[in-house]
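# Notes for the structure review
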Amino acid sequence: QAVLDRNLPKLIELTDLQGDLNVNSNYGSGKATLSDIFKTCQQAGYAYIAIADQFTCAEHPTDFNNHQLEEQLAEIKKLTPKFPKLKIFHSLKLSINKDGSVDLPDAKLLKQLDFLTIRINSDYALPEAIQTKRLLTALGAHPKVKQLSAPNARLLNQRTPIAINIEKIIEA
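Here goes a summary of the coordinates provided.

Calculation rules
Residues numbered from 1 in each chain as written. Predicted model: local features only at pLDDT ≥ 70, side-chain atom pairs only at ≥ 80, totals over all residues. Heavy atoms only, no water. Helix = DSSP H or I, 4+ residues; strand = E, 2+ residues; numbered from the N terminus. Contact = heavy atoms within 4.5 Å. Areas by Shrake-Rupley, 256 points an atom, 1.4 Å probe, with all protein chains shown as cover. Lys, Arg positive; Asp, Glu negative; His and termini not counted. Charge placed at Lys NZ, Arg CZ, Asp CG, Glu CD. Core = buried A, V, L, I, M, F, W, Y, C linked by side-chain atoms within 4.5 Å. Buried < 20%, exposed > 50% of the residue type's maximum accessible area, 1.4 Å probe, protein only. Axes fitted to C-alpha atoms, helices over the stretch in contact; angles between N-to-C directions. Parallel < 35°, antiparallel > 145°, perpendicular 65-115°, else oblique. Left-handed = near helix turned anticlockwise from the far one by under 90°. Pairing = 2+ DSSP bridges. Salt bridge = Lys/Arg side-chain N within 4 Å of Asp/Glu carboxyl O. Patch = residues over 30% accessible without salt bridge, like charges linked within 9 Å, V, L, I, M, F, W, Y side chains within 5 Å.

## Looking at the overall build of the protein chain
Assigned secondary structure in the protein chain consists of 5 helices and 6 strands. If you list the helices and strands of the protein chain from N to C, you get β-α-β-α-β-β-α-β-α-β-α. By its C-alpha atoms, the protein chain is 50 × 45 × 30 Å across when sized along the principal axes. For the protein chain, the share of sequence-separated contacts (at least 6 apart) that also reach a separation of at least 24 residues comes to 68%. Carbon together with sulfur atoms contributes 53% to the accessible area of the protein chain, which is approximately 10400 Å² in total. Taken together, the 21 basic and 19 acidic charged side chains of the protein chain have centroids lying 3 Å from each other.

Listed below in structure tokens is the structure:
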């Protein structure tokens, strides 16, 4: 009834947000520069931000590669002191392969990242048991894997959710 009456309670306000852990920059599919992202976040009063551009893979061969990641790492290192009130994390979005493996960046660069974000970008029609195993394998693919983006790979009005056992994923 509250929906029909347009009388839903406000559970969260924009000012309640403390940060964002999955931001794309112009190094990847985003449009904003790192500097602009950090300025906007600091002005919004965010406590933290994580840059997480999509790393190159078979499904995204034009996404950024090791060379661009090296440039991005250097730029973040240079910009961080200019935003002392903002904790800046550097992540990387990795596509989960059909077998649950992920294509990692160069080991020297990987060491400099705070954490890794994983997501499914292909093979959406696999059976639930295989998709669940695939996600569980990917979650254990590297100690820096700490975030699963879009667990059911749903794309509103474009792609239905994949079949997964979300309870098993959450327990992992």
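## Let's talk about the nonpolar core
Formed by 35 residues in total, the largest nonpolar core has its most connected members in F38, I49, L69, L86 and L92. Listing elements by their share of this core, those giving two or more residues are α1 (34–43), β2 (48–51), α2 (66–79), α3 (107–110), β5 (116–119) and α4 (128–139).

## Side note on the packing of α1 against α2
Relative to each other, α1 and α2 sit at 40°, their axes nearing to 10 Å. Accordingly, the angle class assigned to the pair α1 and α2 is oblique. Between α1 and α2 the crossing geometry is right-handed. Contact residues: α1 offers L34, S35 and F38, while α2 offers Q72, E75, I76 and L79.

## Digging into the environment of D36
For D36, the location among the structural elements is in helix α1. For D36, a relative accessible area of 39% puts it in the partly exposed group. Spatially, the C-alpha atom of D36 lies 9.4 Å from that of S25, the residues being 11 residues apart in sequence.

## What about the side chain of Q131?
Note that Q131 resides in helix α4. When residues no more than four places from it in sequence are discounted, the contact partners of Q131 are I120, D123, Y124, A125, L126, I162, A163 and I164.

## Quick look at the sheet that holds strand β4 (residues 93–95)
Strands sit in the order β4-β5-β6 across an open sheet of 3 strands; the sheet is parallel. The sheet terminates laterally at β4 and β6 (145–148), the two strands that pair on one side only. When strand polarity is set aside, the average angle formed by the axes of neighbouring strands in this sheet is 40°. Alignment of β5 against β6, held across 3 bridges, turns out to be parallel. Looking across to β6, one finds that I118 is bridged to L148.

## Here's the deal with the pattern of salt bridges
Per the counting criterion, the structure on display carries 1 salt bridge. Of the charged contacts in the structure, one is a salt bridge between K108 and E70, with a shortest N-O distance of 3.2 Å. One end of the pair, K108, is in helix α3; the other, E70, is in helix α2, with 38 residues separating them in the sequence. Residue E70 is classed as partly exposed on the basis of its relative accessible area, which comes to 38%.

## As for a nonpolar patch on the surface
Together, L11, I12, L14 and L17 give the surface a local cluster of nonpolar side chains, amounting to about 470 Å² of exposed area. Of note, I12 is situated in the segment before β1 (19–23). A residue is classified by how much of its surface remains accessible, and I12, at 56% relative accessible area, is exposed.

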